[in-house]
Amino acid sequence: MTDAPPLIPTRVDAIDWEEWSPTEDATLLFVITDDSILLIHKLRGLGKGKINGPGGRLEPGETPHECALRETQEEVGVTPTGVTYAGRLHFQFVDGYGLRGDVFRANGYEGELIETSEAIPEWFPIAGIPYDRMWADDPLWFPHLLDRRPFTGYFIFDDDTMLDHRVIVEPVLASGPTLS
């Protein structure tokens, strides 16, 4: 007799998120100007083929802020400036994988954008964000990122299919603390 894998709930409210522990912690960082946003076409790893922001998994001893800067440098060759914290995302996949991600925004960058084996950087107009090429949860929290409203999101996925979600939004901030 073999042990069956644990049954993963398919509803957000069926998980005790206070006790939930992710498999991995990661970050996303979005450089946003007055009328455009820097996104990447992901070439490998989780979300391969999708449009997203630069980001990745935390290394041991690394803070989320440090990870967001490092991943942006590694994936597109630039160092973000004017970085502020934007929100937190929790993803539970029915196969058992869990991911917690801290989201940051930046108002500029230093250096030259480059294409790497991880990502192709591309600027998009704010009014033309390609949600149809992104994860299904992005349209639910992206407007809050753009409006500087702190958010917390909880999502259940079966591979690429979002089964359930909840997004909690805080009041609009005039400006958040700058981290770099």
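The structure displayed is predicted, hence computed values, not measured ones.

1. A word on the nonpolar core
So, point 1. If you look at the biggest cluster of nonpolar residues, it comprises 24 residues, and the most contacted ones within it are Phe30, Trp141, Phe142 and Leu145.
So, point 2. Sorting the residues of this core by element identifies strand S1 (24-32), strand S2 (36-42), strand S6 (84-93), strand S7 (98-106), helix H2 (138-146) and strand S10 (151-158) as the ones contributing at least two each.
So, point 3. What Phe142 contacts, discounting residues up to four positions off in sequence, is Phe30, Ile37, Leu39, Ile129, Tyr131 and Met134.
So, point 4. Among the nonpolar cores identified, the runner-up in size contains eight residues, and Leu38, Ala68, Leu69 and Ala106 belong to it.

2. Section: the layout of surface pockets
So, point 1. Its boundaries defined by the atoms lining it, the largest pocket holds a volume of some 410 Å³.
So, point 2. In terms of lining residues, the largest pocket is bounded by 27 residues, among which Leu28, Lys42, Leu46, Asn52 and Leu99 are the most central.
So, point 3. Along the lines of polarity and charge, the residues of the lining of the largest pocket split into eleven nonpolar, eight polar and eight charged.

3. With respect to the pairing of S2
Each regular strand carries side chains that alternate between the two faces of the sheet.
So, point 1. Counting buried positions along S2 gives six out of seven residues, so the element sits mostly inside the fold.
So, point 2. Once S1 ends, the chain turns through three residues before running back antiparallel as S2.
So, point 3. As paired elements, S2 and strand S9 (residues 119-125) share seven bridges and run antiparallel to each other. Within the sheet, the bridge partner assigned to Ser36 lies in S9 and is Pro125.
So, point 4. Judged from the two bridges that link them, S2 and strand S3 (residues 51-52) form a sheet pairing that is antiparallel. Counterpart to His41 in the pairing with S3 is Ile51.

Rules and cut-offs
- Residues numbered from 1 in each chain as written.
- Predicted model: local features only at pLDDT ≥ 70, side-chain atom pairs only at ≥ 80, totals over all residues.
- Heavy atoms only, no water.
- Core = buried A, V, L, I, M, F, W, Y, C linked by side-chain atoms within 4.5 Å.
- Buried < 20%, exposed > 50% of the residue type's maximum accessible area, 1.4 Å probe, protein only.
- Helix = DSSP H or I, 4+ residues; strand = E, 2+ residues; numbered from the N terminus.
- Contact = heavy atoms within 4.5 Å.
- 1 Å grid on protein atoms, 1.4 Å probe; cavity = no way out; pocket = protein on both sides within 12 Å on 5 of 7 lines; lining within 4 Å.
- Points joined across faces, edges and corners; volume = space filled by probe spheres on them.
- Nonpolar A, V, L, I, M, F, W, Y, C, P; charged D, E, K, R; others polar.
- Pairing = 2+ DSSP bridges.

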